[in-house]
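As a plain string of letters, each chain reads:
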Amino acid sequence: MNMRHLDKLFVMIIATTALGARGLACGPCPEQVSQIPLLPPSSDGGVEDAGDWIADECQRKCPNGLSCVASSIPLEDGGTMPAIECTQMSECGAGRRPLAGYGPEKRLDTKDLGAPGAWLVEAATLEAGSVIAFRELRRDLAALGAPRRLLRAASRAADEERRHTRRTRALARRYGACVPGQTTGETRRAALEELATHNAAEGCVREAFGALVARWQATFAKDPEVRAAMARIADDEARHAALAYAIDAWAKRRLDPAARARVEAARREAARAIATPRARDTGRDEALRVLGLPDAADADALAKRFVAALGIDAAA
């Protein structure tokens, strides 16, 4: 991303009313499970014959999934087509996800909660995951010899994400919800290209978009406590996005052209996922009003403008 695109992006985050949008729609953020059919690698198309091929497809088609497992789709002739079952967290809320995904946790059944409480529960879960993500990021940057200014910024970001977690948990409790504890899960050190790829998707795209989410809510939420919380979160997440771009520039200077191309491909894929139209849940009007979330049409327009500010063609 060149400086012109970066400047345009942060103008969007700060001057939200200039775009004429009323918020960002994503509704409560449940995990999304999708079954993706694959071209069979063998004559009978059985999953058992797929071997490592399934694992390769998981890496290509479910790179940011919480889990990816082999599955199969029944065919009319009695046979099966191999598939993968990919579990993704919806693109809602601010925060960087850990490299290895979220650890096992007790999922809260939100069907009996009011819509604002359900959304805030998921937001708090994302914020807690971001604490882990920034701890991992600082550790890996240090191991790779990154400048001290990047290490200090990652430590500060982890502290800020802890504050975000406490704040969103408190807001969730106001709406009758209780956020379950979250374990850290397994962590592992990342090589330079892996760190750069993860940073491009999670930091340069998702966190920047998360800052935009929070800024809209800080402007349009009906609940004054939500507005105040999101104003602080928006400022912090914009700074985290700027850190992501600083890491991106540092890492790319150390990668060969092929690796840089793969990092850029991950950035484009993450941006296009955000720009994918999302259906409006008509039962979530309370969350739209209280939390400052708009209808689907406004959300799609905002996402497209965001992706354009990144200099990415969403339709490509």
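Residues numbered from 1 in each chain as written. Predicted model: local features only at pLDDT ≥ 70, side-chain atom pairs only at ≥ 80, totals over all residues. Heavy atoms only, no water.

Thoughts on the overall build of the protein chain
- Secondary structure assignment for the protein chain yields nine helices and three strands.
- Along the protein chain, helices and strands appear, N-terminal first, in the series α-β-α-β-β-α-α-α-α-α-α-α.
- Here the protein chain holds 316 residues, and the buried ones make up 50% of them.
- By sequence separation, contacts in the protein chain at least 24 residues apart represent 80% of the contacts at least 6 residues apart. (Helix = DSSP H or I, 4+ residues; strand = E, 2+ residues; numbered from the N terminus. Buried < 20%, exposed > 50% of the residue type's maximum accessible area, 1.4 Å probe, protein only. Contact = heavy atoms within 4.5 Å.)

Thoughts on helix H6 (residues 224-252)
- With 29 residues, H6 ought to run about 42 Å at 1.5 Å a step, and its terminal C-alpha atoms sit 42 Å apart, in line with that.
- The N-capping residue of H6, defined by a side-chain oxygen 2.8 Å from the backbone nitrogen of Glu-225, is Asp-223. (Expected span 1.5 Å × (residues − 1). Polar contact = N/O pair within 3.5 Å; in protein donor to acceptor, adjacent residues only side chain to side chain.)

Here we look at the confidence of the model for the protein chain
- Summing up the model confidence of the protein chain, the mean pLDDT is 74 and the portion of residues at 70 or higher is 61%.
- Contacts for the low-pLDDT stretch residues 41-51, under 50 throughout, to residues beyond four places or in other chains number 16 contacts.
- Predicted confidence for residues 102-113 stays below pLDDT 50, and this span has 30 contacts to residues more than four positions away or in other chains. (pLDDT = per-residue confidence, 0-100.)

Remarks on helix H4 (residues 148-174)
- Here H4 spans 40 Å end to end across 27 residues, near enough to the 39 Å set by a 1.5 Å rise per residue.
- Summarising the contacts, the buried residues of H4 are in contact with helix H3 (115-143), helix H5 (192-220) and H6.
- Looking one or two residues past H4, Gly-176 carries a phi angle of roughly 85°, positive in sign.

Some details on the nonpolar core
- Among the nonpolar cores identified, the biggest contains 23 residues, and Trp-119, Leu-120, Ala-172, Val-226, Met-230, Leu-291 and Leu-293 are the most heavily contacted of them.
- At the level of elements, H3, H4, H5, H6 and helix H8 (285-290) are the ones that each hand at least two residues to this core.
- Tallying contributions element by element places H3 first for this core, with six residues.
- For Met-230, the residues in contact, after removing those within four places along its chain, are Trp-119, Ala-214, Gln-217 and Ala-218. (Core = buried A, V, L, I, M, F, W, Y, C linked by side-chain atoms within 4.5 Å.)

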